[in-house]
Amino acid sequence: MQERKKSEYPGRVYWYKQVESTNTTARNLAGQGAGEWTAVVAFQQTAGRGRYRRRWLSSPGKGIYLSVVLRPRVQPTEVNLINLSTALVVADFLEKLTNAVENPITVGLKWPNDVLVNHRKIAGILLETGYRQQQVDFVVVGIGINLNHAEADFPEELRHQATSLFMETGKEWDVPATTTNFLSDFYRGMHRYLSTRFAHVLDLYRQRLLFRNETIQVVVNNSPLKGILKDVDEQGFLLLQTDHGILRITSGEVGVGG
Ligand code: BTN
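Analysis parameters
- Residues numbered from 1 in each chain as written.
- Predicted model: local features only at pLDDT ≥ 70, side-chain atom pairs only at ≥ 80, totals over all residues.
- Heavy atoms only, no water.
- Helix = DSSP H or I, 4+ residues; strand = E, 2+ residues; numbered from the N terminus.
- Buried < 20%, exposed > 50% of the residue type's maximum accessible area, 1.4 Å probe, protein only.
- Near = heavy atom within 4 Å.
- Polar contact = N/O pair within 3.5 Å; in protein donor to acceptor, adjacent residues only side chain to side chain.
- Phe/Tyr/Trp six-rings, centres within 6.5 Å; stacked < 30°, edge-to-face > 60°.
- Lys NZ or Arg CZ within 6 Å of the ring centre and 35° of its normal.
- 1 Å grid on protein atoms, 1.4 Å probe; cavity = no way out; pocket = protein on both sides within 12 Å on 5 of 7 lines; lining within 4 Å.
- Points joined across faces, edges and corners; volume = space filled by probe spheres on them.
- Nonpolar A, V, L, I, M, F, W, Y, C, P; charged D, E, K, R; others polar.
- Contact = heavy atoms within 4.5 Å.
- Pairing = 2+ DSSP bridges.

Visitor: What exactly am I supposed to notice about unusual backbone geometry here?
Guide: The bulk of non-glycine residues show a negative phi, and the bulk of peptide bonds are trans. The linkage connecting Trp111 with the following residue, Pro112, adopts the cis geometry, with an omega of 0°. Within the secondary structure layout, Pro112 lies in the loop between strand E5 (107-110) and strand E6 (114-117). With phi around 45°, Gln133 is a residue other than glycine that occupies positive phi space. Accessibility expressed as a relative area gives 76% for Gln133, which makes it exposed. At Phe198, a position not held by glycine, the phi torsion is positive, near 65°. For Phe198, the location among the structural elements is in the loop between helix H4 (175-195) and helix H5 (201-208).

Below, the structure is given as structure tokens:
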């Protein structure tokens, strides 16, 4: 492990060759009192975690795997807005990065925080919150971005659902340089969203939200719910129009059609 201080980034950045999960390392550091913006970056994860206890493919040299400790002064109900803010920062970063190449990409968001290009997932976000006396003590924001995967690098079952910057642009990306670049953008974007109390987050999020007014299926606690995706509410929760009226979904996995 190496520790470097980046001038454009206000927090400590711990670079590891390999960890089980950067989220786990960052949570441990947060529990030991690590300051805001402390970041954990790994070249490889042996047990990268996704939402719903899934694994996150984390082969060396293929992707960005990092987690950042935040200590936001927010209510527990506002943590979801950090989730949406992170998705926006990642989407803006990826579009900015590819602006200069031959095949720039357009990024859409599948509620709450899947980052998609051409309807395939290019990045995933996993937030984990630590509480103290029912208040938010820290939020670990874990981000995985597929940079250099070829289609064959993904397991069979993900092949038609996943993509990478390499697959979209035909260009290989330097992982450490892109990571450093991302951390600066993450700081700038997230700092702005937090310090404005998420003033523009919902408007910006709605501009990128996919499947609006389309029929979707949301799996909530293992039960599928079918309806029309209408909007997100002020807390960033999903509004689903069903035969029984509008349902407000706080957590679930969106699928299309079904
Ligand atoms: C998802 O879409 O299911 C979320 C995936 C989050 C993956 C990242 S990679 C860095 C950080 N460490 C982890 O173990 N998970 C997150």
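Visitor: Teacher, can you tell me more about the site of the ligand here?
Guide: Around the ligand, 20 residues are found, and the nearest of them are Ser21, Gln45, Arg49, Arg51 and Lys121. The contact in question runs from an oxygen atom of the ligand to an N or O atom on the side chain of Ser21, over 2.7 Å. Arg49 places a polar main-chain atom, nitrogen or oxygen, 2.7 Å from an oxygen atom of the ligand. When contributions to the shell around the ligand are tallied by element, the ones reaching two or more residues are helix H1 (22-31), strand E4 (63-70), strand E7 (120-132) and strand E8 (135-146).

Visitor: In this structure, what is going on with the packing of aromatic side chains? I would like to understand it.
Guide: Aromatic ring pairs are reported here in terms of the distance separating the ring centres and the angle at which the planes meet. For the structure on display, the rule yields five aromatic pairs. A ring pair is formed by Tyr9 and Tyr187, whose centres lie 6.4 Å apart and whose planes are at 80°; its orientation type is edge-to-face. With Tyr9 in the loop between strand E1 (2-5) and strand E2 (12-19) and Tyr187 in helix H4, the pair connects residues that are 178 residues apart, well separated along the chain. Taken together, the ring pairs connect Tyr9, Trp37, Phe93, Phe182, Phe186 and Tyr187 into an aromatic cluster. Taking NZ or CZ as reference, Lys171 lies 4.1 Å from the ring centre of Trp173, over its face. Positioned above the aromatic ring of Tyr193 is the side chain of Arg192, whose terminal nitrogen or guanidinium carbon lies 5.3 Å from the ring centre.

Visitor: Looking at this structure, I do not really get the layout of surface pockets. What am I missing?
Guide: Rolled over the atoms, a probe with the dimensions of a water molecule shows which regions are left empty. If you add up the space inside the largest pocket, you get close to 670 Å³. Lining the largest pocket we find 25 residues, and of these Arg54, Trp56, Lys121, Leu158 and Gln161 sit closest to its centre. When contributions to the lining of the largest pocket are tallied by element, the ones reaching two or more residues are E6, E7 and strand E13 (253-256). With four residues, the top contributor of residues to the lining of the largest pocket is E13. Here the lining of the largest pocket is composed, by residue class, of ten nonpolar, six polar and nine charged. Considering only enclosed or pocket space, the second largest pocket measures out at about 330 Å³ in volume. Where the lining of the second largest pocket is concerned, the elements lending two or more residues are helix H2 (79-98) and E7. Broken down by element, the lining of the second largest pocket gets its largest block of residues, six residues, from E7.

Visitor: What exactly am I supposed to notice about the environment of Phe182 here?
Guide: Within the secondary structure, Phe182 sits in helix H4. Overall, Phe182 belongs to the buried group, its relative accessible area being 0%. Non-local contacts of Phe182, meaning those with residues more than four positions away in its chain, are made with Leu66, Val89, Val90, Phe93, Ile143 and Ile145.

Visitor: Which parts of the structure should I look at to understand the pairing of strand E10 (residues 223-232)?
Guide: Looking along a regular strand, one sees side chains alternate from face to face of the sheet. Across six bridges, the pairing between strand E9 (residues 215-220) and E10 is antiparallel. Each bridged residue has a counterpart across the sheet, and for Val218 the counterpart in E10 is Leu225. Two successive antiparallel strands, E9 and E10, enclose a turn made up of two residues, where Asn221 displays a positive phi of approximately 45°. Sheet topology note: the E10/strand E11 (residues 238-242) ladder contains four bridges and is antiparallel. Within E11, the residue paired with Leu229 across the bridge is Leu240. Counting the residues that bridge the hairpin from E10 to E11 gives five residues, and of these Gly236 lies at a positive phi of roughly 80°.

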